[in-house]
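One letter stands for each residue in the lines below.
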Amino acid sequence: MQIPQANKRFNFDKYPNFDKDIDPKQRAWIEVNGEAIEKNVRQLRSKLGKSCQFMAVVKADGYGHDAKLVSDYAVKGGASELGVATLKEGIKLRSSGVKKPILILGNLYTKKDLMIAFKNDLLPTISSLRECLICNNIGKQFGLKFSLHLKVDTGMSRLGFESDKFIQEFEKIKSFENISIEGIYSHLSSADEDNSLDPKSSTQLQRLKFRELLKQINVDNNHNIKIHLANSAGMLLSKDFHFHMVRVGLSMYGYSPLAKIDKNLLLKPALFLKVKVAFIRTIDKGVGVSYGGKFVTCRKTKLAILSIGYADGVPRNLSGKINVIYNNKLYPQVGSITMDQMMVDITGSTEIRIGSTMVLLGSDGDKTISPLEWAIKSNTIPWEILCSFKNRLPRVQVD
Ligand SMILES: *Cc1c(COP(=O)(O)O)cnc(C)c1O
């Protein structure tokens, strides 16, 4: 006998669109507080000199927060420029209606890519004479000037002109008629290390090298060219790193990259990671939980099954090391985190039900779990935790 398929047996016409709008909070999601971003930017800007500008770094989809949302609130808070990593990130932001200058922090090296950047009014980062020449040719082709930022390497050994050739090459670049140098910058490699205020630290040496180069090409007082060096850590270290602009990511999202933090700086995390309890079961003492059965109960145990796993961006190596908050109480996660689900020991709780919302990151009552804590426990850095969250988690704006 053939069993009729459900969609053949029932006439769903009686229930139009009932399946069209799946609740973004149906399973697991990220809540983003735009006003926290705005406040953080405002507060960070209050540490800058009057004429120093703030570039909001929104690469990797705004460190997982949603680049467009972050950009809008950062601009409200006073950010005057935006930084992205890729051409696509830049185009997406531009076509979503963002009007501020957008700098691509990654490298574009083909004529086609640079042409696309030019067409979309995106500023490329230029690290060589070769790329500079391509930009000049594009500008010439359109009878315009191609706006760009030059980058010089002062110790990161990533992108940028080699510092000892830069002065010579800059002389050539100055003669290019179809480019407009909007900025010159460098990037710090170790500003978040404890010794960064020590005059002999690599951070201070990078700063001195950068200043020396600027002096030699005689642009340190030329305000038509924006000079910038600092990331979040550099910005928080000292005014010496500010120049004409700072490029801030992590601290704008509410986390300090420095161990020693200015007590007057009250950064507010903008991200909450929340999840629904999908199922509840009670198991006996001596029973294994999850793959490998490595966690074995030592008492009769009530488990909440949460709809989130490593395919959502929760590092699997946090298995058994984290807590989850419900109604101002912490509950331990137990057993291996699986691809799509994880288990939490809620023994003793009568208030947690199927459909209850638990908090993995963020605050609830006086309990807070920070990505910094996850980073330490999974042996990585908070930047990686934030940008690991997958598109499977809807981003929901809250105030
Ligand atoms: C990512 C990035 C930043 C921002 O760094 P944070 O430490 O998150 O503030 C600044 N500049 C460049 C070139 C970057 O790639």
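About the criteria used
Residues numbered from 1 in each chain as written. Predicted model: local features only at pLDDT ≥ 70, side-chain atom pairs only at ≥ 80, totals over all residues. Heavy atoms only, no water. Core = buried A, V, L, I, M, F, W, Y, C linked by side-chain atoms within 4.5 Å. Buried < 20%, exposed > 50% of the residue type's maximum accessible area, 1.4 Å probe, protein only. Helix = DSSP H or I, 4+ residues; strand = E, 2+ residues; numbered from the N terminus. Domains from an automatic or database assignment. Arc of directions from axis to C-beta. Contact = heavy atoms within 4.5 Å. Phe/Tyr/Trp six-rings, centres within 6.5 Å; stacked < 30°, edge-to-face > 60°. Lys NZ or Arg CZ within 6 Å of the ring centre and 35° of its normal. Near = heavy atom within 4 Å. Polar contact = N/O pair within 3.5 Å; in protein donor to acceptor, adjacent residues only side chain to side chain. 1 Å grid on protein atoms, 1.4 Å probe; cavity = no way out; pocket = protein on both sides within 12 Å on 5 of 7 lines; lining within 4 Å. Sits in = over half its atoms within 2 Å of the grid points. Patch = residues over 30% accessible without salt bridge, like charges linked within 9 Å, V, L, I, M, F, W, Y side chains within 5 Å. Areas by Shrake-Rupley, 256 points an atom, 1.4 Å probe, with all protein chains shown as cover. Salt bridge = Lys/Arg side-chain N within 4 Å of Asp/Glu carboxyl O. Pairing = 2+ DSSP bridges.

Novice: Outline the nonpolar core, listing residues and values.
Specialist: Membership of the largest hydrophobic core comes to 110 residues, with the highest contact counts inside it found for Leu150, Ile184, Met252, Met358 and Trp374. Among the elements that make up this core, the one with the highest residue count is helix α4 (residues 67-76) (5 residues). Lining this core are residues from two domains, each supplying at least three of them: domain 1 (34-255) and domain 2 (271-369). By size, the runner-up hydrophobic cluster in this structure holds 6 residues, among which are Ile283, Leu303, Ile305 and Met343.

Novice: I'd love a proper account of helix α6 (residues 111-119), names of residues and values included.
Specialist: Among all positions of α6, only Leu114, Ala117 and Phe118 are buried. Angular distribution of buried residues about the axis of α6 spans 100°; they occupy a single face of the element. Across α6 from its buried face, at more than 90 degrees, point the exposed residues Lys112 and Lys119. Of the surrounding elements, those touching the buried residues of α6 are α5 (87-95), β4 (102-107), β5 (123-126), α7 (129-142) and β6 (146-153). Asp121 occupies a position one or two residues after α6 and carries a positive phi of about 60°.

Novice: Account for the packing of aromatic side chains, with residues named and values stated.
Specialist: On inspection of all chains with the given rule, the structure shows 9 aromatic pairs. Measuring from centroid to centroid gives 5.4 Å for Phe210 and Phe243, while their planes differ by 75°, and the two rings are edge-to-face. Here Phe210, found in helix α9 (residues 202-216), pairs with Phe243, found in the loop between α10 (232-237) and β10 (245-248); they are 33 residues apart in sequence, far enough to count as distant. Classification of Phe210 by relative accessible area gives buried; the value is 0%. For Phe243, a relative accessible area of 24% gives the class partly exposed. Here a set of aromatic residues connected by ring pairs shows up, and it is made of Phe12, Tyr15 and Phe18. Positioned over the ring face of Phe241 is Arg207, at 5.6 Å from the centre of the ring.

Novice: I'd like to hear about the site of the ligand, residue by residue, with values.
Specialist: Residues in contact with the ligand amount to 13 residues; listed here are only the nearest, Lys59, Tyr63, Ser232, Arg247 and Leu250. In the environment of the ligand, an oxygen atom lies 2.5 Å from a nitrogen or oxygen atom belonging to the side chain of Tyr63. Side-chain polar atom of Arg247 to a nitrogen atom of the ligand: 2.8 Å apart, as the coordinates give it. Of all the cavities here, the one that holds the ligand is the largest pocket.

Novice: Break down the environment of Leu82 for me, with residues and values.
Specialist: Note on placement: Leu82 falls in strand β3 (residues 81-84). For Leu82, the contacting residues outside a window of four places in its chain are Met55, Ala56, Val58, Ser71, Leu93, Val98, Lys100, Pro101, Ile102 and Leu103.

Novice: Tell me about the environment of Gly249, residues and numbers included.
Specialist: Take Gly249: it is sitting in the loop between β10 and β11 (271-283). Residue Gly249 is classed as buried on the basis of its relative accessible area, which comes to 3%. With 192 residues separating them along the chain, Gly249 and Val57 place their C-alpha atoms 4.7 Å apart.

Novice: Break down the domain arrangement of the protein chain for me, with residues and values.
Specialist: Accessible area lost when the parts come together is the quantity often used to give the size of an interface. For the protein chain, the assigned domains read domain 1 (34-255) and domain 2 (271-369). Taking only C-alpha atoms into account, the centre of domain 1 sits 41 Å from that of domain 2.

Novice: Go over the side chain of Arg94 with me, naming the residues and quoting the values.
Specialist: Within the secondary structure layout, Arg94 lies in helix α5. Separated by 2.7 Å, the side chain of Arg94 and the backbone oxygen of Val98 make a polar contact. Arg94 has contacts with Lys99, Lys100, Pro101, Ile102, Asn120, Asp121 and Leu122, leaving out every residue within four places of it along the chain.

Novice: Can you explain unusual backbone geometry? Please cite residues and give values.
Specialist: Outside of glycine, negative phi angles account for most residues, and trans bonds account for most peptide bonds. Positive phi outside glycine occurs at Ala60, with the angle close to 50°. Here Ala60 is to be found in helix α3 (residues 59-63). A relative accessible area of 34% means that Ala60 is categorised as partly exposed. The backbone of Asp66 shows a phi angle near 95°, a positive value even though the residue is not glycine.

Novice: I'd like to hear about α4, residue by residue, with values.
Specialist: Within the sequence span of α4, burial applies to Ala67, Leu69, Val70, Ser71, Tyr73 and Ala74. Its side-chain oxygen placed 3.1 Å from the backbone nitrogen of Lys68, Asp66 serves as the N-cap of α4. Just past α4, the residue Gly78 takes up positive phi, approximately 115°.

Novice: Please provide a residue-by-residue account of a nonpolar patch on the surface, values included.
Specialist: Taken together, Phe10, Phe12, Tyr15 and Phe18 make up a surface patch of nonpolar side chains, about 470 Å² in accessible area. Topologically, Phe10 is positioned in the loop between α1 (6-9) and β1 (28-33). Under the relative-accessibility criterion, Phe10 is labelled partly exposed at 47%.

Novice: Summarise the pairing of strand β15 (residues 323-326); cite the residues concerned and give the values.
Specialist: Looking at chain direction, β15 and strand β16 (residues 329-334) are connected through 4 bridges and run antiparallel. Note that in β16 the partner of Val324 across the bridge is Tyr331.

Novice: Go over the pairing of strand β18 (residues 357-364) with me, naming the residues and quoting the values.
Specialist: Strand direction decides the pairing type here: β11 and β18, joined by 4 bridges, are antiparallel. Bridge assignment links Leu273 to a residue of β18, and that residue is Leu361. The pairing of β18 with strand β19 (residues 367-369) spans 3 bridges and is classified as antiparallel. Across the sheet, residue Ser363 finds its bridge partner in β19, namely Thr368. The turn linking β18 back onto β19 is made up of 2 residues, and Gly365 within it adopts a positive phi angle of 60°.

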